[in-house]
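# Structure at a glance
As a plain string of letters, each chain reads:
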Amino acid sequence: VASGEARRLIDGIRGSSDFGKATYWNWNVAPQNTGGHPEYLSSDMIFMPEIWGVGPAAEHGHAGLREAGAVGFPDMMGG
């Protein structure tokens, strides 16, 4: 759950989204650990992976992909 300044930022970004969510982007197919800290996303956010296409991303294979709308899955570092 986001609060304070993070909540204000998310609420501001959500207003520009057709999904009513703030978008979050990184280079992989799932949130990951960055600098030893996990990337937590609230239910107010939608993850937008860098890797797009009609088939599995070759680097991660089928196991690295997440079903659309899934919640509570581990990040790319297993956390």
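Scroll up for the structure.
Residues numbered from 1 in each chain as written. Predicted model: local features only at pLDDT ≥ 70, side-chain atom pairs only at ≥ 80, totals over all residues. Heavy atoms only, no water.

## Here we look at the overall build of the protein
- For the protein, the helix and strand inventory stands at one helix and four strands.
- The linear arrangement of helices and strands in the protein, starting from the amino end, is α-β-β-β-β.
- In the protein, which comprises 79 residues, the share counted as buried stands at 24%.
- The long-range share in the protein, meaning contacts at least 24 apart out of those at least 6 apart in sequence, stands at 41%.
- For the protein, the computed accessible surface area is about 5800 Å², with 59% contributed by carbon and sulfur atoms. (Helix = DSSP H or I, 4+ residues; strand = E, 2+ residues; numbered from the N terminus. Buried < 20%, exposed > 50% of the residue type's maximum accessible area, 1.4 Å probe, protein only. Contact = heavy atoms within 4.5 Å. Areas by Shrake-Rupley, 256 points an atom, 1.4 Å probe, with all protein chains shown as cover.)

## A look at the pattern of salt bridges
- In this structure the tally under the stated criterion is five salt bridges.
- Arginine 8 is the salt-bridge partner of glutamate 5, the closest N and O atoms lying 3.2 Å from each other. Of this pair, glutamate 5 and arginine 8 both sit in helix H1 (residues 4–14), three residues apart, which is roughly one turn of that helix. In this structure, glutamate 5 and arginine 8 share a single accessibility class: exposed. (Salt bridge = Lys/Arg side-chain N within 4 Å of Asp/Glu carboxyl O.)

## Considerations on the side chain of aspartate 44
- Along the chain, aspartate 44 turns up in the loop between strand E3 (37–38) and strand E4 (45–49).
- Taking the relative accessible area as the measure of exposure, aspartate 44 reaches 16% and is therefore buried.
- Filtering out sequence-adjacent residues up to four positions away, aspartate 44 remains in contact with Arg7, Ile10, Arg14, Lys21 and Ala22.

## Some thoughts on the pairing of E4
- Side chains of E4 alternate between two faces, with Met45, Phe47 and Pro49 buried and Ile46 and Met48 left unburied.
- Here strand E1 (residues 22–26) pairs with E4 via five bridges, running parallel. Its bridge partner lying in E4, asparagine 26 is registered against proline 49. (Pairing = 2+ DSSP bridges.)

Interpretation in functional terms is not warranted from these geometric data alone.
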